[in-house]
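Spelled out from the first residue to the last, the chains are:
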Amino acid sequence: MALTNQYLLSVMETVKKRNGAEPEFIQAVTEVLESFEPVVEANPQLEALGIVERIVEPERFIQFRVPWVDDAGKVHVNRGYRVQFNSAIGPYKGGIRLHPSVNASIIKFLGFEQCFKNSLTGLPMGGGKGGSDFDPKGKSDMEIMRFCHSFMNELYRHIGADTDVPAGDIGVGAREVGFMFGQYKKLTNQYTGVLTGKGLSYGGSLARKEATGYGLLYFTEEMMSCMKNDSVAGKTIVISGSGNVAIYACEKAQELGGKVVALSDSNGYIYDAEGIKLDVVKQIKEVERARISVYADRVPGSVYTVGCKGIWTIPCDIALPCATQNEIDGESAAILVKNGVQVVAEGANMPSTPEAIATFQNAGLLFAPAKASNAGGVATSGLEMSQNSMRYSWTFEEVDAKLKQIMIGIFHNAYDAAKKYGKEGDLVAGANIAGFEKIASAMIAQGVV
Ligand code: NDP
Ligand code: 2IT
């Protein structure tokens, strides 16, 4: 769908002029602005108050040098980033990604998406994102620690429990959050909930580790129940990635009675017709930090295939992309549709290209966009912030129950917003609109800042 509204067209033109070398950021903005057409047409004050041109421009973008020393004594320099995108509804909130592909475009697309996702959770969190082009693969624990400490040596001056609260993303789990938290505490002499995804012994929340994957399945189950009178039980499921999101999506999918037959990493994918043995995967990925190919050496009858894109050629009822952006292109989407996929729910951020989304929507299947379906991670980060503020912790069951309610609420908000603007069933539009309405209302109330 191309933009036709003059106001949105002019905003988009400026975004392209200002950020021409940032394809992922432009992709994310284009998709969101396309959803806004009926909203800006119904609410002329949005144009008068410059809401959309303000929302696409980050409040602050920080870039910094991250020098660190490897185990052999050699000095390396990486580039660090933090984008503080929008603070209308709460302190900036969003993860930190450590991956060689990280650049300004990746950080800005993630920070932009985060604003709407955080709004959808219903919790008071603005949007931010950070990261570095540091590659954690093959690094020792001490190298990871020195990098994380150096990263925090600059980041600490920009964050705070009421200012900006980072967390994990690709390449950042409890180990990295622990190193960053320790350095923040040392530099500021303050013990605050400045990061989420912390370990349980120093302020982390139960169920945060599981939250994104579990939340994805709570959303999927509610979407299938309400829109198709169906459920995850008995379905064949393909999940890409084998990191934090993929592992706990697999766990909850299996608990709901689904059969997960494939997982992947950036080198290739495993297929296990009998259903993935998750204890084997956890040992390989969480304990040994090894490659997913090892699974085929350990589980008789399973098969490893080199190349990660091939995972989308496996016939399935439900596809859950949980690795990275643009991992499903138009061609892979067409194969999934040809093989009869009924549901696609995004665990990763922006895993489907615009061509893939169009293919899914034209096929009439259920499509859950990332900013709605993967919001469980940041929602539970919000619950971690609440617990830290209260100096208290909830049980696993309490946090999990709140997470489930939040995911069910997000589905209904997105569904209802789409319906309100004449796009019933289009959860892409619904999620963008529902996320936007709260931010826009707060921005209007606060004036031109
Ligand atoms: P992890 O680092 O735990 O795992 C990432 C997984 O994706 C690994 O299997 C990795 O394989 C694979 N992967 C990463 N980059 C690529 C690539 N360029 N091509 C193919 N495979 C790739 O990260 P998470 O599980 O935390 O994050 C996965 C996705 O979910 C990301 O899009 C993230 O933004 C999103 N997300 C994460 C949340 C969280 O709470 N952690 C919350 C919401 C969204 P390899 O080991 O080979 O690199
Ligand atoms: O993309 C995401 O929502 C995350 N990586 C989680 C962010 C957070 O602050 O928990």
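First things first, this report covers the structure right here in the doc.

Some points on the side chain of Ser373
Part 1 of the reasoning: Its location among the elements puts Ser373 in helix 14 (residues 370-373).
Part 2 of the reasoning: At 3.4 Å, the side chain of Ser373 and the backbone oxygen of Ala368 are in polar contact.
Part 3 of the reasoning: Not counting residues up to four positions away in its chain, the partners in contact with Ser373 are Gly215, Leu216, Phe219, Ala345, Glu346, Ala368 and Met407.

What about the site of ligand 2?
Part 1 of the reasoning: Taken together, 14 residues surround ligand 2, and among them Lys93, Lys117, Asp169, Arg208 and Ser381 come closest.
Part 2 of the reasoning: Note that an oxygen atom of ligand 2 is positioned 2.7 Å from one of the side-chain N or O atoms of Lys117.
Part 3 of the reasoning: At 2.6 Å from an oxygen atom of ligand 2 is found a side-chain nitrogen or oxygen belonging to Ser381.
Part 4 of the reasoning: Expressed as a share of its isolated accessible area of 300 Å², the protein-covered part of ligand 2 is 94%.

Looking at helix 2 (residues 23-42)
Part 1 of the reasoning: Helix length check: helix 2 (20 residues) gives 30 Å between terminal C-alpha atoms against 28 Å at 1.5 Å per residue, within 8%.
Part 2 of the reasoning: Approximately 45° is the largest bend angle found in helix 2, and it occurs at Phe36, with the proline Pro38 only one to four residues beyond.
Part 3 of the reasoning: Of all 20 residues that make up helix 2, 15 are buried, and the element is covered over most of its length.

Quick look at the site of ligand 1
Part 1 of the reasoning: Neighbouring ligand 1 are 26 residues; Asp169, Thr212, Ser266, Arg291 and Asn349 lie closest to it.
Part 2 of the reasoning: Within the side chain of Arg208, a nitrogen or oxygen atom sits 2.9 Å from an oxygen atom of ligand 1.
Part 3 of the reasoning: At 2.9 Å, a backbone N or O of Asn244 approaches an oxygen atom of ligand 1.
Part 4 of the reasoning: For ligand 1, whose unbound accessible area comes to 890 Å², protein coverage reaches 86%.
Part 5 of the reasoning: Listing elements by their share of the shell around ligand 1, those giving two or more residues are helix 8 (208-228) and helix 9 (244-255).

Concerning the sheet that holds strand 6 (residues 236-239)
Part 1 of the reasoning: Taken in spatial order, the seven strands make up an open sheet running 9-8-7-6-10-11-12, and their pairing is mixed. Only two strands of the sheet have a single partner each, and these edge strands are strand 9 (303-306) and strand 12 (366-368). Averaged over all adjacent pairs, the angle separating strand axes in this sheet is 15°, with direction ignored.
Part 2 of the reasoning: In terms of strand pairing, strand 6 meets strand 7 (residues 259-264) through three bridges, oriented parallel. Across the sheet, residue Thr236 finds its bridge partner in strand 7, namely Lys259.
Part 3 of the reasoning: Seen against the sheet, helix 8 touches strand 10 (318-320), strand 11 (343-345) and strand 12 and runs at an angle of roughly 145° to strand 12.

Observations concerning the pairing of strand 7
Part 1 of the reasoning: Here strand 7 lies mainly inside the structure; five of its six residues are buried.
Part 2 of the reasoning: One crossover worth recording links strand 6 to the parallel strand 7 by way of helix 9, and it is right-handed.
Part 3 of the reasoning: Strand direction decides the pairing type here: strand 7 and strand 8 (residues 268-271), joined by three bridges, are antiparallel. Looking across to strand 8, one finds that Leu263 is bridged to Ile270.
Part 4 of the reasoning: Count of turn residues in the strand 7/strand 8 antiparallel hairpin: three residues.

Reading the values: the criteria
Residues numbered from 1 in each chain as written. Chains lettered and ligands numbered in written order. Predicted model: local features only at pLDDT ≥ 70, side-chain atom pairs only at ≥ 80, totals over all residues. Heavy atoms only, no water. Helix = DSSP H or I, 4+ residues; strand = E, 2+ residues; numbered from the N terminus. Polar contact = N/O pair within 3.5 Å; in protein donor to acceptor, adjacent residues only side chain to side chain. Contact = heavy atoms within 4.5 Å. Near = heavy atom within 4 Å. Areas by Shrake-Rupley, 256 points an atom, 1.4 Å probe, with all protein chains shown as cover. Expected span 1.5 Å × (residues − 1). Bend = angle between axes of the 7 residues up to and from the residue. Buried < 20%, exposed > 50% of the residue type's maximum accessible area, 1.4 Å probe, protein only. Pairing = 2+ DSSP bridges. Axes fitted to C-alpha atoms, helices over the stretch in contact; angles between N-to-C directions. Right-handed = clockwise from strand over helix to strand, strands pointing away.

Remember that the coordinates give geometry; whether it matters functionally is a separate question.
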